[in-house]
Amino acid sequence: MRSPDLLRHAWTVASKDLLVEFRSRTGILSAAVFVVLVLMVFNFGRDPTAVSNVVLVPSILWVTFTFAAILALNRAFQLELENQALDGLLLAPIGRGSIYLGKLVANLLFVATVEVIGVPLVALFFNVEVWSHIGPLGGIIALATIGFVAIGTLFSAMTVRTRFAELLLPAVLLPFMILPLAWATLATTSVFAGRPLSEMAGWLKMLAGYDMVFVVLSLLLFPATVNE
Amino acid sequence: MTAIALLLLAGVYVRALVYTPVERLQGLAQKIYYLHVPAAVWAETAMIIVGIASTFYLFLKDPRLDRFAYASAEVGTVFAVLMLTTGPLWGKPIWGTWWTWDARLTLALFLFLLYVGYLLLRSAVADPSSRARFAAVLGICGMVLVPFVHFSVYLFRTLHPMPILLKPSPPSLPASMLTTLLMSLGVFTLLYVGFVTQRYALGSVSEPLEPMRGTDNA
């Protein structure tokens, strides 16, 4: 499997998924509506005299992104269930790795879109200063998202054909999401508290290490999930 | 084998309760350490063994390896439950609370959830070869997760006692307590081997019966 082909085929798979999504737009719209809903609930659930916004914002952000990611992951392989599209994909003259990478890229872009909508909305509704921290914040969000979407894409390939698929995916994915989520939330808390970058270096390193290990592992294990 | 291990477990109890000195600061509650630590050690190790067996399964496709991984996962679950119950039993008198969202406890909970996920996945897939493959994939991911879980403890300064045995400097336990702990660890090792062997034997007998039982075996 030569490298240029791997990436080119991956992009083909990704653009197919993105095109399907773009044409119907249901996924991104439901995710956006969900984001607004969560923000409203958090707003009503907060006592402004007891808790300041900056304290809540990291949790709000990450709850929203987690659910958006699960939504995206559930849909990822469901597309392929209709008309045995997965078999078609497997018969195509592309490597398994390209299928995985293509799905990964499409999922990442979906979740990234939700995040790009979510962050400004949070800044708006909760009146917190985001722009000045946008660099570290963007980095943390990117690293954590890659982490759980990478494993989630692998697992969704397995769970989609089981009973209780939508329930099983979060159940199986939970332990793998918690670590990057914990590190990301803690780092986000430091960002909003205005702490220097050196304080979160540990978590960022763990996130980066986690990403590298699990993206490679998922890439290697993916063929086992689809080959008979 | 299991019977011997259980007898030895009773022996360790006696030793721990009667012969080992009472720890100065914590009193009798500290004795639960002799159950909790080996259970925790084996809960983590069992997951790693599941991962190793799964890796070999993916290369060799031998169903016995899959059966072994499943046996190890079930036993690991039991030890994880033991760890999660003995922990709070210790925590209540010492910390004043059953549970905190302390890093190590949270991560222990997630080891347990990892096992539960593995068992759930196995029960959700009907076809034996798909089930074995998927379980193997999950097992390997679980095995890789364990070091991350283990080493995050060093990153988070926590309420949970820092490791006093497996750390860069020599163990700081007095000799008699160390002996009891090592004995307990030995007993748990035997327990693990005994349980896994029995579960494996059970699996090799029940697997051929599965098609007759029907698909509802959740």
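Just above, that's the structure.
Here the residue numbers are simple positions, counted from 1 along each chain's written sequence. Chains carry letters from A onward and ligands carry numbers from 1 onward, assigned in written order. In keeping with the predicted nature of the model, local features appear solely for residues at pLDDT of at least 70, side-chain atom pairs appear and are counted solely at 80 or more, and the whole-chain, interface and lining totals rest on all residues.

Trainee: Please set out the overall build of chain A residue by residue, giving values where relevant.
Mentor: In this description a helix means any DSSP run of H or I spanning at least four residues, a strand means any run of E spanning at least two, and both kinds are numbered starting from the N terminus. Check the secondary structure of chain A and you find eight helices and zero strands. For 228 residues, the compact-globule estimate of 2.2 N^0.38 gives 17 Å, and the C-alpha radius of gyration of chain A, at 18 Å, lies within 12% of that figure. In terms of overall dimensions, chain A has a C-alpha envelope of 60 × 35 × 30 Å along the principal axes. Each radius of gyration is computed over the set of C-alpha atoms, and the globule rule expresses the reference value as 2.2 Å times the number of residues to the power 0.38.

Trainee: Can you lay out the interface of chain A and chain B for me, pointing to particular residues and giving the numbers?
Mentor: Where interface size is given, it is often the accessible area lost as the parts come together that is meant. With 21 residues of chain A in contact, the opposing surface of chain B contributes 22 residues. Among the secondary structure elements, those contributing two or more residues to the side of chain A that touches chain B are α6 (134–159), α7 (165–192) and α8 (197–226) of chain A. Across the side of chain A that touches chain B, the residue classes tally to 17 nonpolar, three polar and one charged. By definition, residue pairs are in contact when their C-beta atoms, positioned from the backbone, come within 7 Å. When residue character is reported, Ala, Val, Leu, Ile, Met, Phe, Trp, Tyr, Cys and Pro are called nonpolar, Asp, Glu, Lys and Arg charged, and the others, Gly included, polar.

Trainee: Can you break down the packing of helix α5 (residues 96–126) of chain A against α8(A) residue by residue, with the values?
Mentor: All names here are of chain A. To obtain an axis, a line is fitted to C-alpha atoms, over the contacting stretch when the element is a helix, and the angle between two such axes runs from 0 to 180 degrees between their N-to-C directions. Direction vectors running N to C along α5 and α8 enclose 110°, while the axes themselves pass 9 Å from each other. Here α8 runs roughly perpendicular to α5, going by the angle between their axes. Across from Arg96, Gly97 and Tyr100 in α5, the residues of α8 making contact are Ser218, Leu219, Phe222, Pro223 and Val226. A breakdown of the residues in the contact of α5 with α8 according to their chemical character gives five nonpolar, two polar and one charged. Roughly parallel means an angle under 35 degrees; roughly antiparallel, over 145; roughly perpendicular, 65 to 115; everything else is oblique.

Trainee: Break down unusual backbone geometry for me, citing the residues and quoting the values.
Mentor: All names here are of chain A. One non-glycine residue, Asn127, lies in the positive phi region at around 55°. As for its placement among the helices and strands, Asn127 is situated in the loop between α5 and α6. A residue is called partly exposed when the number of other C-beta atoms within 10 Å of its own lies between 12 and 20, exposed at 12 or fewer, and buried at 20 or more, with C-beta atoms placed from the backbone. Asn127 sits in the exposed class, given 10 other C-beta atoms within 10 Å.

Trainee: Could you give me a rundown of the environment of B:Leu113, with the residues and numbers involved?
Mentor: Within the secondary structure layout, B:Leu113 lies in helix α4 (residues 103–124). Classification of B:Leu113 as partly exposed rests on a count of 18 C-beta atoms within 10 Å. For the pair B:Leu113 and B:Thr189, spaced 76 residues apart in the sequence, the C-alpha separation amounts to 22 Å. Aside from chain neighbours lying at most four places away, what touches B:Leu113 is A:Leu174 and A:Pro175.

Trainee: Which residues make up the environment of A:Gly139, and what are the values?
Mentor: Residues and elements named next belong to chain A. Looking at the secondary structure, you find Gly139 in helix α6. Among the residues examined, Gly139 registers 17 C-beta atoms within 10 Å and is labelled partly exposed. Expressed as a C-alpha distance, the spacing of Gly139 and Ala184, which sit 45 residues apart in the sequence, is 9.8 Å.

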